[in-house]
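Here is how the chains run, residue by residue.
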There are 4 protein chains.
Amino acid sequence: MRKKEGNKETAIIEAAVRVFAENGYHQSKISKIAEVAGVATGSVYLYYKSKEDIVLKIFDLVWMKLSKELQQVVQRTDMDPGTKLDSIIDILFDSFTVNPALAIVFVNEQNQLLQQEKGNVVKFYKGFLDLAEEILREGVEKGIFNTNIDIRLFRDFVTGGLRALLHEWARRPEEYPLNRIRQNIKYIAKNGILIHHT
Amino acid sequence: MRKKEGNKETAIIEAAVRVFAENGYHQSKISKIAEVAGVATGSVYLYYKSKEDIVLKIFDLVWMKLSKELQQVVQRTDMDPGTKLDSIIDILFDSFTVNPALAIVFVNEQNQLLQQEKGNVVKFYKGFLDLAEEILREGVEKGIFNTNIDIRLFRDFVTGGLRALLHEWARRPEEYPLNRIRQNIKYIAKNGILIHHT
Amino acid sequence: MRKKEGNKETAIIEAAVRVFAENGYHQSKISKIAEVAGVATGSVYLYYKSKEDIVLKIFDLVWMKLSKELQQVVQRTDMDPGTKLDSIIDILFDSFTVNPALAIVFVNEQNQLLQQEKGNVVKFYKGFLDLAEEILREGVEKGIFNTNIDIRLFRDFVTGGLRALLHEWARRPEEYPLNRIRQNIKYIAKNGILIHHT
Amino acid sequence: MRKKEGNKETAIIEAAVRVFAENGYHQSKISKIAEVAGVATGSVYLYYKSKEDIVLKIFDLVWMKLSKELQQVVQRTDMDPGTKLDSIIDILFDSFTVNPALAIVFVNEQNQLLQQEKGNVVKFYKGFLDLAEEILREGVEKGIFNTNIDIRLFRDFVTGGLRALLHEWARRPEEYPLNRIRQNIKYIAKNGILIHHT
DNA sequence: GATGAATGAGTGTTCATTCAT
DNA sequence: TATGAATGAACACTCATTCAT
């Protein structure tokens, strides 16, 4: 009977994303989320156990989708590590184009959740890092990536850089065309900024 | 004459850094900060106007020190842009070696403050971004840096990457020797990860 | 439809009047008001913005009722100033017979509010004084009241006297039958205490 | 050694009067009183046990002086009740001419203290009322005052009226010349406002 | 005595969560 | 399910009072 999507469960999540993005998790009131969702305050608790449950659900949804898609890329044998890196970046940004606010929440609240080890965030995040590492390792082994770099470190660096761009783009999408971001990141990741005089 | 080390103003800031680092700003109670500082709850308010005032003071201190040192580097005419980039990275990490917890607060709470435009954080941060941009532009003009990259974007990417590493390092300093971080970042920033077959 | 007597908004105001009357505004805790109102502490804030908002609301209610009734009396052309003075006194006391505690709050806290110029108290009070003055002036012009008295001064004197009686009566209603108060005030106001040997 | 009166005990009382007059007892901070008195916060407690102790001391001083002078007037046998009433009024106003702020405190805070039965205020006040009553009774017995009035009530009314005038005068002394107040009160008290057509 | 930094009990206010309807 | 009024625990902040110097 919950065909279409006048669905309140979804409406609440979407409202929460908007409100969290604007004010941050702690500054956001459940009553405000309910209002934005067009629902009574109490109704929020019909679908979610608590405020925390809402953020965790948001992260679950994001990570679920991301990890599934990422997994598929990594497992492909017909792609070289460089192309895979490209794909990861594409997947990441494509996931948020429909909802930039989601990117803001994703970037702003993740650290908090990781640190408190709440929900599945840690698990998902570690999985993501592992994937990235795997690709990098594969590339190094195949002699495509530079052996001089510390994989773990590089992984963190790139991840952080992506987060920052995701955030900036989400805050001012018109100033940060996705295409340009993609191209640049890929270029930087592969070439750095120094001009190579051969 | 009784300023130096029995200094409560400093003790409170230091306690706040520790508590904020561990629990995040919003989860941190003033009473806990006071306890850690070895001071009565009310004493906190002898030195700081409010809880917010404390974070802002922390950021002021960090940024004041950082911006002064960064300024000096940027203004030097005897350094090429590449070396300057190295120096920025050094300054950044050196600033936090004495107090990794400070890095955690710095990384975790800055976005909130930026978004709410509280205190001087926006001003300082913009100044920092400008500096980074200036160096990059200088590098591009001198034909040292790649002209294919979008300076603004690169700036954000590197900044984000640095933040991530700062955070990781601060959480597990023993696993992330500073030297290795430094070398890798510099290497990555300049060369990317792709092996260049000339 | 569930407004009438289960009304918490009213219950809180009434509780506040009782508590303020007993302890004074500053000694009164919101939690105590809530308790007396048979309501949770937080519920107070569903109906009133703050503690101050409550007193101001109390004064608004009192003055609103008073000023409306007083206005009607003053505007009547079929009453001589002496009778009007009588009516004012009647209105004043009648307003509080249902709730003597209200008179105590009214008398005790008004000065504070006047001095801090909070809410509409100043406006209402000035209006009241103006009305009283108008009647007195009318009486003097018609040759009914003594021209030797300073109207402004008399106004303050009578007002103060009334306040004092209101207060005494409210504290021990049984010892101060309203009828006696009324008769005496009117008598005094008109005749003073000196026996006039004609 | 405490000859002159660089006396801190006095300075504190005087400061307290000023501060209480301006902000009211509860809004007044000990630290502010100390500051105005040109004394350290802690020093206040060398002379007074508590904040309450200070107001009580103020009232003690006022009432001590008043009651002594009033007593003398009442006991005189060479004065008729009417003249005695005049004298009471004079004594009252003269007591505050040197320090109008004291009148404000006296008027504003007395009710609070009476209600809580703190210190000697109740005792003093009752004594004062008794005195006034005595004079009135004497006047009635001697056939000078009107027998139609309730002495107790009249006493409260006049007292209240005086308080109001005292307050108004203290707030804007230039607009309320003492002479005029005195004359009017006396006139009103004795004659009321109605013109007596004999 | 004098100081003013330090204390910590006390309270107004918020807001996640519950629950009667 | 849905509501939104009601709850009450939690916490930032104040300020009378203390006390080491």
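Given the structure is predicted, the values throughout are model-derived calculations rather than measurements.

## Considerations on the overall build of chain A
Now for step 1: Helices and strands together make up the secondary structure of chain A, namely nine helices and zero strands.
Now for step 2: Listed N to C, the secondary structure of chain A is α-α-α-α-α-α-α-α-α in terms of helices and strands.
Now for step 3: Summarising its shape, the C-alpha atoms of chain A cover approximately 65 × 35 × 35 Å along the three principal directions.
Now for step 4: Out of the 198 residues in chain A, the part that is buried amounts to 56%.
Now for step 5: A separation threshold of at least 6 residues defines the contact pool for chain A, and within that pool the share at least 24 residues apart is 68%.
Now for step 6: Summed over all atoms, the accessible surface of chain A reaches about 9500 Å², with 49% contributed by carbon and sulfur.
Now for step 7: Distance between charge centroids for chain A: 5 Å, based on 28 positive and 26 negative side chains.

## Some thoughts on the packing of helix α6 (residues 100-116) of chain D against helix α7 (residues 121-141) of chain D
Residue and element names in this part refer to chain D.
Now for step 1: Following both chains from N to C, one finds α6 and α7 inclined at 110 degrees, their axes separated by 9 Å at the closest point. With respect to α7, the axis of α6 lies roughly perpendicular. Where α6 abuts α7, its residues Q110, L113 and L114 lie against V121, V122 and Y125.
Now for step 2: The residue makeup of the contact of α6 with α7, split by class, is five nonpolar, one polar and no charged.

## Let's talk about the environment of Q115(C)
Now for step 1: Residue position: Q115(C) is located in helix α6 (residues 100-116).
Now for step 2: Sequence separation between Q115(C) and Y125(C) is 10 residues, and the spatial gap between their C-alpha atoms is 12 Å.
Now for step 3: The residues touching Q115(C), leaving out its near neighbours within four places in the chain, are A21(D), E22(D), I104(D), N108(D), H167(D) and R171(D).
Now for step 4: Only 3.4 Å separates the side chain of Q115(C) from the side chain of N108(D), close enough to count as a polar contact.

## Quick word on the arrangement of the chains
Now for step 1: Between chain A and chain D there is no contact, and the shortest C-alpha to C-alpha distance separating them is 32 Å.
Now for step 2: No part of chain B reaches chain D; the closest C-alpha pair between them is 14 Å apart.

## Observations concerning the domain arrangement of chain A
Residue and element names in this part refer to chain A.
Now for step 1: Split into domains, chain A comes out as domain 1 (1-48) and domain 2 (50-191).
Now for step 2: Computed from C-alpha coordinates alone, the two centres of domain 1 and domain 2 are separated by 26 Å.
Now for step 3: Taken together, the contacts link 14 residues of domain 1 with 16 residues of domain 2.
Now for step 4: Taking both partners together, domain 1 and domain 2 bury about 1400 Å²; carbon and sulfur atoms supply 77% of that area.
Now for step 5: A per-residue breakdown of the area domain 1 buries against domain 2 is headed by V17, Y25 and Y48, which together make up 42% of the total.
Now for step 6: One can count zero salt bridges joining domain 1 with domain 2.
Now for step 7: The interface formed by domain 1 and domain 2 contains five residue pairs in polar contact (both at pLDDT 80 or more).
Now for step 8: The set of elements that each furnish at least two residues to the side of domain 1 that touches domain 2 consists of α1 (8-23) and α3 (41-47).
Now for step 9: Among the elements that take part in the side of domain 1 that touches domain 2, α1 stands out by supplying six residues, more than any other.
Now for step 10: Here the side of domain 1 that touches domain 2 is built from residues that sort into 11 nonpolar, three polar and no charged.

## Looking at the nonpolar core
Now for step 1: The biggest cluster of nonpolar side chains holds 139 residues, and the ones touching the most others in it are F93(C), I54(D) and F93(D).
Now for step 2: Each residue touching F93(D), except ones within four places of it in the same chain, is listed here: L162(D), L165(D), L166(D), L178(D), I181(D), R182(D) and I185(D).
Now for step 3: In terms of nonpolar packing, the next biggest core, distinct from the first, is built from 138 residues, Y48(A), A101(B), I135(B) and L153(B) among them.

## Comments concerning the protein's contact with DNA strand F
Now for step 1: Surveying the vicinity of DNA strand F reveals 31 residues, the closest of which are S43(A), Y47(A), S43(C), Y47(C) and K51(D).
Now for step 2: For DNA strand F, the fraction of protein-proximal atoms (within 4 Å) that sit in sugar or phosphate groups is 69%.
Now for step 3: A distance of 3.4 Å separates a phosphate oxygen of DNA strand F from a polar side-chain atom of K8(C).
Now for step 4: Here A40(C) contributes a backbone N or O atom positioned 2.9 Å from a phosphate oxygen of DNA strand F.
Now for step 5: Listed by contribution, the elements that provide at least two residues to the surface near DNA strand F are α3 of chain A, α3 (41-47) of chain B, α3 (41-47) of chain C together with α3 (41-47) of chain D.
Now for step 6: In terms of residue count, α3(A) provides more of the surface near DNA strand F than any other element does, five residues in total.
Now for step 7: For the surface near DNA strand F, the residue count by class is 11 nonpolar, 13 polar and seven charged.

## Here's the deal with the interface of chain C and chain D
Now for step 1: Across the contact, 56 residues belong to chain C and 56 residues belong to chain D.
Now for step 2: A combined buried area of about 4900 Å² lies between chain C and chain D, and 57% of that area is made up of carbon and sulfur atoms.
Now for step 3: For the pair chain C and chain D, the number of links is four salt bridges.
Now for step 4: The salt bridge involving D150(D) is made with R180(C); its shortest N-O contact spans 1.8 Å.
Now for step 5: In this assembly, chain C and chain D are joined by 18 residue pairs in polar contact (both at pLDDT 80 or more).
Now for step 6: Counting residues per element, the ones that place at least two in the side of chain C that touches chain D are α1 (8-23), α6, α8 (151-171) and α9 (178-191) of chain C.

## Here we look at the relation of the copies chain A and chain B
Now for step 1: Screw-axis analysis of chain A against chain B gives a translation of 0.1 Å along the axis, an RMSD of 0.1 Å, and a rotation angle of 179 degrees. Overall, the copies show the geometry of a two-fold rotation axis.
Now for step 2: Mapped onto chain B, 100% of the interface residues of chain A again fall at the interface, so both copies present the same surface.

## Side note on the relation of the copies chain C and chain D
Now for step 1: For the pair chain C and chain D, the best superposition has an RMSD of 0.2 Å and corresponds to a rotation of 179 degrees with a translation of 0.1 Å parallel to the axis.
Now for step 2: Taken as a fraction of all interface residues of chain C, those also at the interface in chain D reach 100%, which identifies the copy contact as same-surface.

## Let's talk about the pattern of salt bridges
Now for step 1: Per the counting criterion, the structure on display carries 60 salt bridges over all chains.
Now for step 2: Connected through shared salt-bridge partners, D90(A), D94(A), R182(A) and K186(A) make up one network.

## Description of helix α2 (residues 30-37) of chain D
Residues and elements named next belong to chain D.
Now for step 1: If you check which residues of α2 are buried, you get I30, I33, A34 and A37. Taken around the axis of α2, the buried residues stretch over an arc of 100 degrees, which confines them to a single face.
Now for step 2: Each element contacted by the buried residues of α2 is listed here: α1 (8-23), α3 and α4 (51-75).
Now for step 3: Just downstream of α2 lies G38, where phi reads positive at about 70 degrees.

## With respect to the protein's contact with DNA strand E
Now for step 1: S43(B), Y47(B), Y45(C), S43(D) and Y47(D) are the nearest of the 31 residues found near DNA strand E.
Now for step 2: Protein-adjacent atoms of DNA strand E, using a 4 Å cutoff, are sugar or phosphate at a proportion of 70%.
Now for step 3: The separation between a phosphate oxygen of DNA strand E and a polar side-chain atom of K8(B) is 3.4 Å.
Now for step 4: The backbone of S28(C) places a nitrogen or oxygen atom 3.3 Å from a phosphate oxygen of DNA strand E.
Now for step 5: With five residues, the top contributor of residues to the surface near DNA strand E is α3(D).

## Considering the interface of chain A and chain B
Now for step 1: With 56 residues of chain A at the contact, the number on the chain B side is 56 residues.
Now for step 2: When chain A packs against chain B, close to 4900 Å² is buried across both sides, 57% of that on carbon and sulfur atoms.
Now for step 3: Joining chain A to chain B, the criterion identifies four salt bridges.
Now for step 4: Of all the secondary structure elements, the ones that give two or more residues to the side of chain A that touches chain B are α1, α6 (100-116), α8 (151-171) and α9 (178-191) of chain A.

## Comments concerning helix α5 (residues 81-97) of chain D
Now for step 1: Relative to the 24 Å expected for 17 residues at 1.5 Å per residue, α5(D) spans 25 Å between its end C-alpha atoms, a close match to the ideal helical length.
Now for step 2: With 13 of 17 residues buried, α5(D) lies mostly within the body of the structure.

## As for the packing of helix α5 (residues 81-97) of chain A against α8(A)
Residues and elements named next belong to chain A.
Now for step 1: Interhelical geometry of α5 versus α8 gives an angle of 30 degrees and a closest axis separation of 11 Å. Taken together, the axes of α5 and α8 are roughly parallel relative to one another. The chirality of how α5 crosses α8 is right-handed. Packed against α5, whose contacting residues are I89, L92, F93, F96 and T97, the element α8 presents L162, L165, L166 and W169 at the interface.
Now for step 2: In the contact of α5 with α8, the residues fall into eight nonpolar, one polar and no charged.

Here is what the cut-offs are and how they apply
- Residues numbered from 1 in each chain as written.
- Chains lettered and ligands numbered in written order.
- Predicted model: local features only at pLDDT ≥ 70, side-chain atom pairs only at ≥ 80, totals over all residues.
- Heavy atoms only, no water.
- Helix = DSSP H or I, 4+ residues; strand = E, 2+ residues; numbered from the N terminus.
- Buried < 20%, exposed > 50% of the residue type's maximum accessible area, 1.4 Å probe, protein only.
- Contact = heavy atoms within 4.5 Å.
- Areas by Shrake-Rupley, 256 points an atom, 1.4 Å probe, with all protein chains shown as cover.
- Lys, Arg positive; Asp, Glu negative; His and termini not counted.
- Charge placed at Lys NZ, Arg CZ, Asp CG, Glu CD.
- Axes fitted to C-alpha atoms, helices over the stretch in contact; angles between N-to-C directions.
- Parallel < 35°, antiparallel > 145°, perpendicular 65-115°, else oblique.
- Nonpolar A, V, L, I, M, F, W, Y, C, P; charged D, E, K, R; others polar.
- Polar contact = N/O pair within 3.5 Å; in protein donor to acceptor, adjacent residues only side chain to side chain.
- Domains from an automatic or database assignment.
- Buried area = accessible area lost by both parts, 1.4 Å probe.
- Salt bridge = Lys/Arg side-chain N within 4 Å of Asp/Glu carboxyl O.
- Core = buried A, V, L, I, M, F, W, Y, C linked by side-chain atoms within 4.5 Å.
- Near = heavy atom within 4 Å.
- Least-squares fit on C-alpha atoms with pLDDT ≥ 70 in both.
- Arc of directions from axis to C-beta.
- Expected span 1.5 Å × (residues − 1).
- Left-handed = near helix turned anticlockwise from the far one by under 90°.

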